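Tertiary structure, described
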Amino acid sequence: MSKILVIGANGTVGSQLVRLLSDQGHDVVRTTSRAPETAQDVHLNLVSGEGLATAFAGVEAAFLLSPPGYTNQNELLNPVIDQAVASGVQKIVLMTAMGANADEAAPLRKVERHLEQSGLAYNIIRPNWFMQNFHTFWIQGILERGKILLPVGKAKGSFIDARDIAAVAASLLTRRDLDNQEFDLTGGEALDHDEAAAILSHVTGRTIVYEEISEGAMLAQLLSAGLPEDYAHFLITILGFFKAGYSEALTPAVETITGTKPRTFAAYAQDFKGAWKV
């Protein structure tokens, strides 16, 4: 079995990916920004580059994504790709975001291009908005006021469960027949936030509604939560893309790669219903 490095191993996707790969019998190396706590852990600071060479020692394949809170993703990730080349890594699966390829000047697009030109075997996966945002980033308004508070109007999104993203990544890391391809990942349905709120209401027995707020109000919330100003403005920009309808598209990629249809929003809500109960 392969030795696989998972960068972002404690994150929403990374933690699921580690579990899947470990269950398959692979030797999984998890990055941590703190001192390693287990034999699986390796210290890596993407901002400073500390631990980069050590992290890739003996690694055959790697999963790569940018840490949240940073907008200079190319400055953080391009050196990681270069180190992978220098260390003899065979393949990288890079996770960016749906729409990252729309602007060649965008930092994430620069990372994609750098990987494409690296000579490594690769896959690029671009997931749509995570279902898990509803019980993490958007949860405060739901718990305190029974409201999903976002500046996205009536636009629909083909939300995807992070567990399905992890399943795609696990498959691509351990096969070579789909090398050097890129995939936009979506769920199997497109919902607006009124429809999402109705599903959450049904599974929790609470009244949960969607309320549109202004971009200014959203920005104030993000800044009060301690997000860096440039990253908060970045989130407002991509929420604007959602409102403009760019997150509605559906793709068959999850089923094509894994052989299984993506989870529905109702199934996700049922699995995590305890998160929204007060």
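This report concerns the structure included in the present document. Predicted model only: the values in this text are computed from it and were never measured.

1. Here's the deal with the nonpolar core
In this structure, Phe 134, Ile 148, Leu 200, Phe 265 and Trp 276 are the most contacted members of the largest nonpolar core, which totals 34 residues. Those elements that provide at least two residues to this core are helix H5 (139–145), strand E7 (147–150), helix H7 (193–204), helix H8 (215–224), helix H9 (229–243) and helix H11 (265–271). Here Phe 134 is in contact with Ile 139, Ile 142, Ile 148, Phe 159, His 193, Ala 196, Leu 200, Phe 265, Tyr 268 and Trp 276, once residues within four sequence places are set aside. Core analysis: the second largest hydrophobic core is formed by 30 residues, Val 6, Phe 63, Ile 125 and Val 254 among them.

2. Topic: H8
Listed as buried for H8 are Met 218, Leu 219 and Leu 222. Looking down the long axis of H8, one finds its buried residues gathered within 100° of arc, a one-sided arrangement. Close packing links the buried residues of H8 with E7 and H9. One or two residues past the end of H8 sits Gly 226, with phi positive at roughly 95°.

3. A short note on the sheet that holds strand E1 (residues 3–6)
Taken together, seven strands build an open sheet; the order of strands is E3-E2-E1-E4-E5-E6-E9 and the sheet is parallel. Each of the sheet's edge strands pairs with one partner strand only, and the pair in question is strand E3 (41–43) and strand E9 (181–185). On average, each strand axis in the sheet is inclined to that of its neighbour by 20°, with strand direction left out of account. Bridge analysis of E1 against strand E4 (residues 61–65) gives three bridges, and the strand direction is parallel. From the neighbouring strand, Ile 4 faces E4, where its bridge partner is Ala 61. Most of the contacts of helix H1 (residues 12–23) go to E1, to which it runs at about 170°, and overall it touches E1, strand E2 (27–32), E4 and strand E5 (91–95).

Cut-offs applied
Residues numbered from 1 in each chain as written. Predicted model: local features only at pLDDT ≥ 70, side-chain atom pairs only at ≥ 80, totals over all residues. Heavy atoms only, no water. Core = buried A, V, L, I, M, F, W, Y, C linked by side-chain atoms within 4.5 Å. Buried < 20%, exposed > 50% of the residue type's maximum accessible area, 1.4 Å probe, protein only. Helix = DSSP H or I, 4+ residues; strand = E, 2+ residues; numbered from the N terminus. Contact = heavy atoms within 4.5 Å. Arc of directions from axis to C-beta. Pairing = 2+ DSSP bridges. Axes fitted to C-alpha atoms, helices over the stretch in contact; angles between N-to-C directions.

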